Amino acid sequence: MKLSTKTVSLENKTPFRISHGVRTHTDTLFVKISHEEIEGIGEASHVPYYGITVKESIDLIESLNSEIEGLFGKSHEVFWRRIDALFGQNHFAKCAVDIAYYDWQAKKAAKPLYQYLGLNLDDLPASCFTIGMDKPENMAETISESDWPSFKIKLGGENDLETLKYLKGFSEKPFKVDVNAAWELEEAIALLPELVLLGLEFIEQPLAKDKILEHGILKEISTTPIFADESCFSISDVEKCALNFDGINIKLTKCGGIYPALEMVKRARELDLKIMMGCMTESSVGISTIAHLSSLVDYVDMDGAALLKNDPADGVNIIKGVAVFNEKNGHGASLKDD
C-alpha cells in the first residue's frame, strides 16, 4: 500500500464573507491510497477558522504513515477508531484519510459508494446555494441570477433583518439563514418574531458554539427550527444538541470523515433531530462524497465546488442543485491532472 498527499489552493470566484471573516482562497488536502492497482482519494478543505494548516496535517499523516498502512484491510470502524486516536484533534487529517479508505474499499468491491454503504438514490434532497455576506444589492444579484432551488443566506452583520427582508423581494424560493455564531441571545430573541414571519426553513447557529442552553431558549420560543453547526462537532455533541436544537449540520471535514458522520446520523435520528449535511469550500472530491451520503439527510449543501474558479477535480455534478451521478465506482471523483 502507498499513501501520498497533495495540497491545492482553491480560489473563490468572488470573495466569500461570513461572520468569521472573508476568504479569497482555501487550502485543501488530498490523500491518495494506492494498492492492488486501485486508488482511493480523500479530501479535507482546511478552513482557517479551525486553526489547523494543511502543512500540519501532511506532517502528521507522514509521521504516522507506517501505522496507517498497518490498518489497511481492517473494518471501517477499527480503521477510524485508530486514526481518531492517532490524529488527536486534527479532524481534517482524519477526514481526508477516512474518505480515501472508503473510496478504495468501494472501488475494490466494484460498487459506487452509495451502494457500498447500502444506500440508494431515491428522493435525494436538492442542494441549497450559499449567499455570502456582501452589499445587499450584490447578494440580490446573485440570487436573481441563480438557478439553484433554494438559498442559505449568511448573516451576522449590522443590518441582518433589513438585508434579509430586502433579499426576499428577489426570490420566492426557500431561504434558510446561517449566522455562524454572530448574535447574542437578546439580539436573537428580538429578531425572532420578524424572522418567523419570513417563513425561513431554519436558522443555523445563531449564538456562540458554547451557548448550548441559550440555544435551547431560542428553540422553545421559535416556530422556525434552530439548527446547530459549530455547536455540533462530533458524535459526543449530538446528545446535548438534541435538547437545545431542532436539527444539526454534519460536515465530513468537521467530524472527521464518513465513519463518524454515519454514527452522527444514526444517533440524530434516534433523538428525532433533523439533519443537514453541509460542505466547506471544497473540490468535487469532497462534494461527490457528500452526494453519495445525501439520502440519509433532510437538507444538503453541496455548493462548495460551484464557488470555485479552479476546481481541480471531476466527479458528481451538481446541476441546479441536483446531484448528477456518473457510472464510476467509489465516490466517482478524480483529480484532473492525474
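The rules behind the values
Residues numbered from 1 in each chain as written. Predicted model: local features only at pLDDT ≥ 70, side-chain atom pairs only at ≥ 80, totals over all residues. Heavy atoms only, no water. Helix = DSSP H or I, 4+ residues; strand = E, 2+ residues; numbered from the N terminus. Rg over C-alpha atoms; globule rule 2.2 N^0.38 Å. Buried < 20%, exposed > 50% of the residue type's maximum accessible area, 1.4 Å probe, protein only. Contact = heavy atoms within 4.5 Å. Pairing = 2+ DSSP bridges. Axes fitted to C-alpha atoms, helices over the stretch in contact; angles between N-to-C directions. Salt bridge = Lys/Arg side-chain N within 4 Å of Asp/Glu carboxyl O.

A.B. asks: So, the overall build of the chain: which residues are in play, and what are the values?
C.D. replies: Regarding its fold elements, the chain presents 13 helices and 15 strands. For the chain, the C-alpha radius of gyration of 19 Å lies close to 20 Å, the compact-globule estimate for 338 residues. Its C-alpha atoms give the chain principal-axis dimensions of about 60 × 40 × 40 Å. When burial is assessed residue by residue, the chain has 55% of its 338 residues classed as buried. Pairs at least 24 apart in sequence give 65% of the contacts found in the chain among residues at least 6 apart.

A.B. asks: Can you tell me about the sheet that holds strand β2 (residues 21–35), naming the residues and giving the values?
C.D. replies: Here 3 strands make up an open sheet; going across it, the order is β1-β2-β3 and the pairing antiparallel. The open sheet has two free edges, formed respectively by β1 (2–18) and β3 (38–45), since each of these has just one partner strand. The average angle at which neighbouring strand axes cross in this sheet is 20°, direction not considered. Of the strand pairs in this sheet, β1 and β2 are connected by 13 bridges, and their pairing is antiparallel. When the bridges of β2 are listed, S9 appears paired with D27. In this fold helix α1 (residues 54–63) packs onto β1 and β2, with an angle of close to 20° to the strand it touches most, β2. Across the face of the sheet, helix α4 (residues 91–108) comes into contact with β2 and β3 while running at roughly 150° to β3.

A.B. asks: Go over the pattern of salt bridges with me, naming the residues and quoting the values.
C.D. replies: Evaluated as defined, the whole model comprises 21 salt bridges. Taking the shortest distance from any N to any O, the salt bridge between K152 and E204 comes out at 3.2 Å. Remark: E204 occurs in strand β7 (residues 203–204) and K152 occurs in strand β5 (residues 151–154); sequence separation between them is 52 residues. In this structure E204 comes out as buried when scored by relative accessible area, which is 0%. The partner of E194 in a salt bridge is K165, and the shortest N-O contact between them spans 3.3 Å.

A.B. asks: Can you break down unusual backbone geometry residue by residue, with the values?
C.D. replies: Its identity as a non-glycine residue notwithstanding, E37 has a phi of 60°, on the positive side. Along the chain, the position of E37 falls in the loop between β2 and β3. Judged by relative accessible area, E37 falls into the exposed class, the value being 85%.

A.B. asks: Tell me about the environment of P112, and name the residues and values.
C.D. replies: Assignment of secondary structure puts P112 in the loop between α4 and α5 (113–116). Its relative accessible area of 15% is what places P112 among the buried residues. Along the primary structure P112 and N329 are separated by 217 residues, whereas in three dimensions their C-alpha atoms are 3.9 Å apart. Look past the residues within four positions of P112 in its chain and what remains in contact with it is H292, K328, N329 and G330.

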